[in-house]
Amino acid sequence: MENAIQVRNLTKKYKDFTLDNISFTLPSGTVMGLIGENGAGKSTLINAILGVSDAEYDQVALLGHDLRTQTKLAKEDVAAIFSDSHYDYGMTPLAVGEMLSRFFRNWDQQKYLGYLKRFHLPEKKRLKKFSTGMRVKLEFAAALSHNPKLLILDEATSGLDPVFRDEILDILREFTEEEDHAVLMSSHITSDLDKIADYIAYLHEGKLLFVKTYDDIRDNYGIITCGRQLFDALSRDDISAYRKEAYSYKILVNDRAKLRRIFPDIEMVPASVEDIMLFYVKGEKVK
Ligand SMILES: Nc1ncnc2c1ncn2[C@@H]1O[C@H](COP(=O)(O)OP(=O)(O)OP(=O)(O)O)[C@@H](O)[C@H]1O
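What counts, and where the lines are drawn
- Residues numbered from 1 in each chain as written.
- Predicted model: local features only at pLDDT ≥ 70, side-chain atom pairs only at ≥ 80, totals over all residues.
- Heavy atoms only, no water.
- Phe/Tyr/Trp six-rings, centres within 6.5 Å; stacked < 30°, edge-to-face > 60°.
- Buried < 20%, exposed > 50% of the residue type's maximum accessible area, 1.4 Å probe, protein only.
- Lys NZ or Arg CZ within 6 Å of the ring centre and 35° of its normal.
- Salt bridge = Lys/Arg side-chain N within 4 Å of Asp/Glu carboxyl O.
- Helix = DSSP H or I, 4+ residues; strand = E, 2+ residues; numbered from the N terminus.
- Domains from an automatic or database assignment.
- Contact = heavy atoms within 4.5 Å.
- Buried area = accessible area lost by both parts, 1.4 Å probe.
- Polar contact = N/O pair within 3.5 Å; in protein donor to acceptor, adjacent residues only side chain to side chain.
- Nonpolar A, V, L, I, M, F, W, Y, C, P; charged D, E, K, R; others polar.
- Near = heavy atom within 4 Å.
- Areas by Shrake-Rupley, 256 points an atom, 1.4 Å probe, with all protein chains shown as cover.

### Quick look at the packing of aromatic side chains
What characterises a pair of aromatic rings is the spacing of the ring centres plus the angle enclosed by the ring planes.
Phase 1: Tallied over the full model, the rule gives 10 aromatic pairs.
Phase 2: With centroids separated by 5.6 Å and ring planes inclined at 75°, the aromatic side chains of Tyr202 and Phe210 adopt a geometry described as edge-to-face. Residue Tyr202 shares its accessibility class with Phe210, and that shared class is buried.
Phase 3: Just above the ring of Phe164 sits the side chain of Lys137; from NZ or CZ to the centre is 4.4 Å.
Phase 4: The ring of Phe210 is capped by Lys212, whose NZ or CZ atom sits 5.5 Å from the centre of that ring.

If you want it as structure tokens, here you go:
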């Protein structure tokens, strides 16, 4: 299987922030959710991968093409969607389609008109009269109609209502059924990622804390609630992060089965992606 995205040792420095030596791979045919608190560096990473902002790196390859030496090829089959439209607000959807048909060799006008209808977007209304959600829907219609192989979404779904978000998740699921397609999506709506992500990449304060399969997270992470005695008895290696409460500890662990073997009576529940974020941001870190 080819990789849709390959990033090796990417660093981007701002005055007060460093995106620090990021490496990861997104295999084709899969969806990766990029999570992290506000200011963690998600947009900075996405912009660097798209070549929108410059960054230092050993390698960035999109759909097998090197971003530095094969820039045009690398970007050709990539579509990026953000949380608002980047088209001129004086344009209508038809004018946007007309413009894009000249720009993209794979433009599919019938598909585009189909999406406008499906998303209830008036063909001849100017974008300035659209709501933000409608403009983002237009971005999806446009992005999907030039038949990209890699979709990169930066908080693209956050302003959308739950019904349409659900429809978009269905569309993304269909999209990645093609084995040479892939999606990288940053989102604060972790329940969406629960429904669709094959991989979760977690950025925290400019560092990539982990890239794990969703199944690994679901099957192995857990939260233990216990007193001081058990907290002290646990190996530090088994504690990802913890929170001290009035009379107990809440501990994020990443190997439920192992702890269940050692402490059969332990009070432990599975941890969601959101739980993991909360522990890393608000909890004490052991490692
Ligand atoms: N052009 C810039 N110049 C200086 N600093 C910047 C610039 N763009 C972003 N930053 C800083 O980089 C850090 C990461 O910002 P970024 O937008 O990548 O975070 P994010 O994870 O996408 O956050 P959010 O969830 O709020 O969208 C922040 O501290 C931000 O202030």
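### So, the pattern of salt bridges
When their charged atoms lie close together, side chains carrying opposite charge are able to pair.
Phase 1: Tallied over the entire structure, the rule returns 16 salt bridges.
Phase 2: With a closest N to O distance of 3.2 Å, Lys12 and Asp54 form a salt bridge. Pair noted here: Lys12 is in strand β1 (residues 3–14) and Asp54 is in the loop between α1 (42–49) and β4 (59–62), with a separation of 42 residues, a long-range link.
Phase 3: Classification of Lys12 as buried rests on a relative accessible area of 10%.
Phase 4: The class of Asp54 is exposed, set by a relative accessible area of 60%.
Phase 5: One salt bridge in this structure joins Glu98 and Arg102, with 3.5 Å as the shortest N-O distance. Of this pair, Glu98 and Arg102 both sit in helix α3 (residues 93–103), separated by four residues, roughly a single helical turn.
Phase 6: Within this structure, Lys72, Glu76, Asp77 and Arg105 form a network of salt bridges that share partners.

### Quick look at the domain arrangement of the protein
Phase 1: In terms of domain boundaries, the protein breaks down into domain 1 (3–215) and domain 2 (221–285).
Phase 2: In this complex, domain 1 contributes 12 residues to the contact, which on the side of domain 2 involves eight residues.
Phase 3: Together, the buried faces of domain 1 and domain 2 total about 830 Å²; carbon and sulfur atoms form 75% of this surface.
Phase 4: Our count for the domain 1 to domain 2 interface comes out at zero salt bridges.
Phase 5: Linking domain 1 with domain 2 are one residue pair in polar contact (both at pLDDT 80 or more).
Phase 6: Contributions of two or more residues to the side of domain 1 that touches domain 2 are made by α7 (190–196), β9 (199–204) and β10 (207–213).
Phase 7: Of the residues in the side of domain 1 that touches domain 2, the class split is six nonpolar, three polar and three charged.

### Focus on unusual backbone geometry
Phase 1: Its identity as a non-glycine residue notwithstanding, His120 has a phi of 55°, on the positive side.
Phase 2: With respect to the helices, strands and loops of the structure, His120 is situated in the loop between α4 (109–118) and α5 (132–145).
Phase 3: One non-glycine residue, Glu155, lies in the positive phi region at around 55°.
Phase 4: Tracing the backbone through its elements, the reader meets Glu155 in the loop between β7 (150–154) and α6 (162–175).

### What to know about the site of the ligand
Phase 1: Looking at the ligand, the residues that line it are Tyr14, Phe17, Glu37, Asn38, Gly39, Ala40, Gly41, Lys42, Ser43, Thr44 and His188.
Phase 2: Lys42 is positioned with one of its side-chain polar atoms (N or O) 2.7 Å from an oxygen atom of the ligand.
Phase 3: Measuring from an oxygen atom of the ligand, one finds a backbone N or O atom of Ser43 at 2.9 Å.
Phase 4: Coverage of the ligand by the protein amounts to 58% of the 640 Å² it exposes when considered alone.
Phase 5: The dominant element in the shell around the ligand, judged by the number of residues it contributes, is α1, at three residues.

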